[in-house]
Amino acid sequence: MSRFICDICGKELYVHEGILTWTRDNETLSNFTLSHKNSPEHRCQPETNNRFKDLYTLTMITGYLDFIKYLIERWENGFTLKDADSLERVLQQLNLHIHEKVIMLTEDEE
């Protein structure tokens, strides 16, 4: 199974200890960051980000689709994406993880 990498410390993070955060202000979405949740072991969550989703939720198809729906609704309402690279990095990690889960499920059926 693919590994998630923290955008802040660069270390591997497990699904249950990860969080996606971003900034939403003045009709702008920016600074999408996949990191460790703040804990005694890790202090990786960006303090300036004011929105979040647990990584565990995002790795399930319904959570992933809810996040994509959130983005589409914001763009329909006139929001702009300030730094597409940060969102693209996050989506690449999520897509790889979901793709590998699907492959594992279909291999089990054979």
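Residues numbered from 1 in each chain as written. Predicted model: local features only at pLDDT ≥ 70, side-chain atom pairs only at ≥ 80, totals over all residues. Heavy atoms only, no water.

**Overview of the side chain of Thr28**
Residue placement: Thr28 occurs in strand β4 (residues 28-36). Thr28 sits in the buried class, given a relative accessible area of 16%. If near-sequence neighbours (up to four positions away) are discounted, Thr28 is found in contact with Thr23, Phe79, Thr80 and Lys82. (Helix = DSSP H or I, 4+ residues; strand = E, 2+ residues; numbered from the N terminus. Buried < 20%, exposed > 50% of the residue type's maximum accessible area, 1.4 Å probe, protein only. Contact = heavy atoms within 4.5 Å.)

**Focus on the nonpolar core**
With 21 residues, the main nonpolar core has Leu20, Trp22, Leu29, Phe32, Phe67, Leu71 and Leu94 as its most contacted residues. Secondary structure elements with two or more residues in this core: β3 (18-25), β4, α1 (55-58), α2 (61-76) and α3 (84-109). Ranked by residue count, the leading element in this core is α3, at five residues. Not counting chain neighbours up to four residues away, the residues in contact with Leu94 comprise Phe4, Leu55, Leu58, Thr59 and Tyr64. (Core = buried A, V, L, I, M, F, W, Y, C linked by side-chain atoms within 4.5 Å.)

**Considerations on the state of the cysteines**
Disulfides are covalent bonds that connect the sulfur atoms of two cysteines. Under the criterion given, the structure shown has zero disulfides. Not part of a disulfide, Cys6 finds its nearest cysteine sulfur in Cys9, a span of 3.7 Å. The thiol of Cys44 is not disulfide-bonded; the next cysteine sulfur, from Cys6, is found 3.8 Å away. For Cys44, a relative accessible area of 7% corresponds to the buried category. (Disulfide = S-S within 2.5 Å.)

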